[in-house]
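Structural characterization, general
Spelled out, the chains give:
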Amino acid sequence: MRAANSRDYLLFTMGINLALRASDLLSIKVGDVFDGRKEIVRYIWIKEKKTGKERKLFINSTIEEALLFHFRNKRIIRDNFLFTAKRSGEQLDRQALWELIKSGLRRWV
């Protein structure tokens, strides 16, 4: 896998393994998955936007590997969103996520 695709790979891996709605997945911050010592946490807490329920989600080894790959040569800034647009650095929105999914499907179909 190329490093340029590490964000998309992490997005796909977390989406599949955590079974979150797009809005909840895109709201995760770097500080939610890394502790103060810059180590990956075992669980994250998500408050679902649609239902308001809090969920405790397990960070499995597949997600952990994707996080390590994505942050291999990046600074860990806890306040940043985990999924950001490559050009602007702003939080990735649902429409951009949909475009990523569509372009990925075109490659596979």
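Quick note: structure is the one above.
The text that follows walks through the structure, step by step, so that each part is easy to find. Quick caveat: nothing in here was measured; it's all calculated off a predicted structure.

Turning next to unusual backbone geometry. With a phi close to 50 degrees, A19 is a non-glycine residue in the positive phi region. Residue position: A19 is located in the loop between helix 1 (6–18) and helix 2 (22–26).

Take the nonpolar core next. The tendency in soluble globular proteins is for nonpolar side chains to be buried side by side. Grouped together as the largest cluster of nonpolar side chains are 26 residues, with contacts concentrated most on M14, I28, V33, I44, L67, L82 and F83. Counting residues per element, the ones that place at least two in this core are helix 1, helix 2, helix 3 (30–33), strand 1 (43–47) and helix 4 (61–70). When neighbours within four sequence positions are excluded, M14 is seen to be in contact with A19, L25, I28, V33, I63, L82 and F83.

Moving on: the pattern of salt bridges. Under the counting rule described, the total for this entry stands at seven salt bridges. Of the charged contacts in the structure, one is a salt bridge between R7 and D8, with a shortest N-O distance of 2.8 Å. Overall, R7 belongs to the buried group, its relative accessible area being 8%. Its salt-bridge partner being E64, residue R42 comes within 2.5 Å of it at the nearest N-O pair. One end of the pair, R42, is in the loop between helix 3 and strand 1; the other, E64, is in helix 4, with 22 residues separating them in the sequence. Taking relative accessible area as the criterion, R42 reaches 37% and is therefore assigned partly exposed. Within this structure, R21, E48 and R55 form a network of salt bridges that share partners.

Summarising the element assignment, F12 is placed in helix 1. Overall, F12 belongs to the exposed group, its relative accessible area being 56%.

For a regular strand, side-chain orientation follows a simple rule: the groups alternate between the two sheet faces. The side-chain alternation of strand 1 yields one buried face, formed by I44 and I46, and one unburied face, formed by Y43, W45 and K47. As judged from the five bridges shared by strand 1 and strand 2 (residues 54–58), these two strands associate in the antiparallel manner. Each bridged residue has a counterpart across the sheet, and for I44 the counterpart in strand 2 is L57. A loop of six residues connects strand 1 with strand 2, the two strands running antiparallel in sequence, and G52 in this loop sits at a positive phi of about 80 degrees.

Our focus in this paragraph is the packing of aromatic side chains. Counted under the stated rule, the structure contains two aromatic pairs. Ring geometry for F34 versus F71: centroids 5.1 Å apart, planes at 80 degrees, classification edge-to-face. Of this pair, F34 sits in the loop between helix 3 and strand 1 while F71 sits in the loop between helix 4 and helix 5 (94–108); the two residues are 37 residues apart in sequence, bridging distant segments of the chain. Grouping residues by exposure puts F34 and F71 together as buried. Directly above the ring of F81 sits K29, whose terminal nitrogen or CZ lies 4.8 Å from the centroid. Its guanidinium or amino end placed over the ring of Y43, K56 lies 4.3 Å from that ring's centre, counting from NZ or CZ.

Analysis parameters
Residues numbered from 1 in each chain as written. Predicted model: local features only at pLDDT ≥ 70, side-chain atom pairs only at ≥ 80, totals over all residues. Heavy atoms only, no water. Helix = DSSP H or I, 4+ residues; strand = E, 2+ residues; numbered from the N terminus. Core = buried A, V, L, I, M, F, W, Y, C linked by side-chain atoms within 4.5 Å. Buried < 20%, exposed > 50% of the residue type's maximum accessible area, 1.4 Å probe, protein only. Contact = heavy atoms within 4.5 Å. Salt bridge = Lys/Arg side-chain N within 4 Å of Asp/Glu carboxyl O. Pairing = 2+ DSSP bridges. Phe/Tyr/Trp six-rings, centres within 6.5 Å; stacked < 30°, edge-to-face > 60°. Lys NZ or Arg CZ within 6 Å of the ring centre and 35° of its normal.

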